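Each chain is listed here by its residues.
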Amino acid sequence: MDFVGLSAVTIPASVTTSTGEDYWAVANSLSDTQTRSMVFNYATASANWSVSLKPAEEAITRLRSVTAGVIIPVIYSVLFLLGAAGNSMVIYYTFIKDGLSEQAIDIYIGNLAVADLLLIMTVPCWGLTHILNGDWMFGDIGCKLMSFLLHINMFSSIFIIAAMAVNRYQVVVSGALRNTAKPKRKWDTIRYCVIIWLTSCVLSTHTLFLRKTMPRKNRNLCSWDYPDDTAAFWWIEHMISRNLVAFVIPLTVISFCYWKIVAKVKHHSFKGRTAAGRSSVKRARHVTRTVSVFVVTFVICWLPNQLSNFLQSLWHFRVLARPVAKYDQELAYLAHIFTTVLCFSNSIINPMIYSACRNKKCSIQQLLMTAFTKCSTSNKRQSSRGAQDGADRKLTSCRKSNGCNKPEFL
C-alpha cells in the first residue's frame, strides 16, 4: 500500500521494515517532527483501511460457508436426480428399446449419455464433501475412482462431440459417407467410440496414482499429490491434457468443421429438387442444428472452468500474482466452485437437448407416463393396467402420425 506523500519523505532505514511493525510506536520514537507526522498518518490510514475491509471479509466468509454447506449440496442433489433420470432415459431409447441404432448421431448421443451418467454418479460424493467442509469420507480408493470417472467424462464428452461434428462435415461437406452402406457406418461409428473411450481412459490414468487423501487441519482432503522432484512436470502435463487436449484442440476441430458446414449449407437450395431431395436437405439441416446445440452448450458450460483451472496454473508458476487478501481468496474460491457446478449441469442439459430434438408432436411427459404406469404397485394393478393401456394408445397414435419416431439422423 503506497500513500502519496509518504514516499517523498526519507524514513530512517532502521525503522522501515517489511515485517509489519507497530508504526505508531515507530512514529513516537522519531525525533524529526515531519517524518513522525507522516509515519503516524500512514499508520492511521492503514488501520482505517484494514478496519474497512473486515465487514467485507466477514460477509464473503459467511457467503462461502453457506454456499459450500447448503447451496452447493442442494444444487448437486437436483443435478444428480435429473441427470441420472435423463441420461438413463437417453441410454434406454438409443441402445435398449429398439436395439442399437444404425444412425451414427444416435450412437454418439448414446455414448455421450453414458459419459454424463458416469459423471453424475460422482456428484453425491462431492456434495457430501462440501457439507463436511472438504472432509473426504470415501477413502483413498474412492478419491482415485471419483477423480478417474470425472476426468473420463471430461475427455470423452468433448471427443464425442468432436466426432459428431466430423460426422456432420463428412455428410454435409465432403460427402464421404453418402455412398457408404448403413451397416458399415454403424460399425465404423462403434469403432470410433471404442477408440474414444480407450483414449479417455489412458488420458485419465494419472488420477489413479496422483490423486490421494491427505490429512490437513483435522480433515482428509481428496487432492493432487505431485512428487516434489517432478511436481513442475505434472503441473505442465495437467495443463496440457486439461486445457489443450480436452478443450482447445477438439474445439479447433469442431470450429473448422462448422465453418465448412455453414459455408456449404448457405449454398443449399430447394429449387429444382424433388420432394425426396428437399426432405434430405431438411434432415441434414435438422441434425446439424442439433449437433451445434450440443457444441454450444458444452462450450458455455466448460469454458469458465477451463479458464479457472488455467488461472490456477498461472498462479502456481507465478506468471500472475496469487491473491493475498482473504477477500480475494474467498472470491476466487467461490468463482471456481460455481464453474464446477456449471460443468456438472452440462450432464443434465444434454438429455434435455436430445428429448427436445427427437420429436415435435409427442411430449416427453407421455413417455414418462408410460414408464411411470409400468412401475405401479401390485395392489393397484387393475387401475394401473387401465392407465397403461390409455398411455400406450396415446403413444401408438402419436407414433402412427410419425410424431414420436427418432429423427432420421444421417
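Scope of this entry: the structure provided in the associated data block. (Residues numbered from 1 in each chain as written. Predicted model: local features only at pLDDT ≥ 70, side-chain atom pairs only at ≥ 80, totals over all residues. Heavy atoms only, no water.)

1. Remarks on the pattern of salt bridges
The line we're drawing: We count a salt bridge whenever a side-chain nitrogen from Lys or Arg sits within 4 Å of a carboxyl oxygen from Asp or Glu. Numbering of helices and strands starts at the N terminus; helices are DSSP runs of H or I of at least 4 residues and strands are runs of E of at least 2. Only protein chains enter the area calculation, which uses a 1.4 Å probe; residues under 20% of their type maximum are buried, those over 50% are exposed, and those in between are partly exposed.
Within the structure shown, the criterion is met by three salt bridges. One salt bridge in this structure joins Asp188 and Arg191, with 2.7 Å as the shortest N-O distance. Here Asp188 pairs with Arg191, and both are found in helix 6 (residues 182-204), just three residues apart, close to one helical turn. When its relative accessible area of 14% is taken as the criterion, Asp188 is described as buried. One salt bridge in this structure joins Asp225 and Lys212, with 3.7 Å as the shortest N-O distance. Residue Asp225 is found in the loop between strand 2 (219-224) and helix 8 (231-265), and its partner Lys212 is found in strand 1 (residues 211-216); the two are separated by 13 residues along the sequence.

2. Examining the packing of aromatic side chains
The relation between two aromatic rings is expressed through the spacing of the ring centres and the mutual angle of the planes. Our working definition: Between the rings of Phe, Tyr and Trp (Trp by its six-membered ring), a pair exists once the centres lie within 6.5 Å; its type follows the angle of the planes, with under 30 degrees stacked, over 60 edge-to-face, and the other angles tilted.
For the coordinates displayed, the defined rule picks out 13 aromatic pairs. Seen in terms of ring centroids, Tyr169 and Phe256 are 6.1 Å apart; in terms of plane orientation they differ by 40°. Their pairing is tilted. Residue Tyr169 is located in helix 5 (residues 139-174), and its partner Phe256 is located in helix 8; the two are separated by 87 residues in the primary sequence. The partly exposed category is assigned to Tyr169, whose relative accessible area is 22%. Overall, the relative accessible area of 40% leaves Phe256 in the partly exposed class. Centroid distance Phe209 to Trp234: 5.7 Å. Interplanar angle 70°. Geometry classified as edge-to-face.

3. Focus: unusual backbone geometry
Although it is not a glycine, Lys217 sits at a positive phi angle of roughly 55°. With phi around 65°, Asn218 is a residue other than glycine that occupies positive phi space. Mapped onto the elements of the fold, Asn218 is located in the loop between strand 1 and strand 2. A relative accessible area of 83% places Asn218 in the exposed class.

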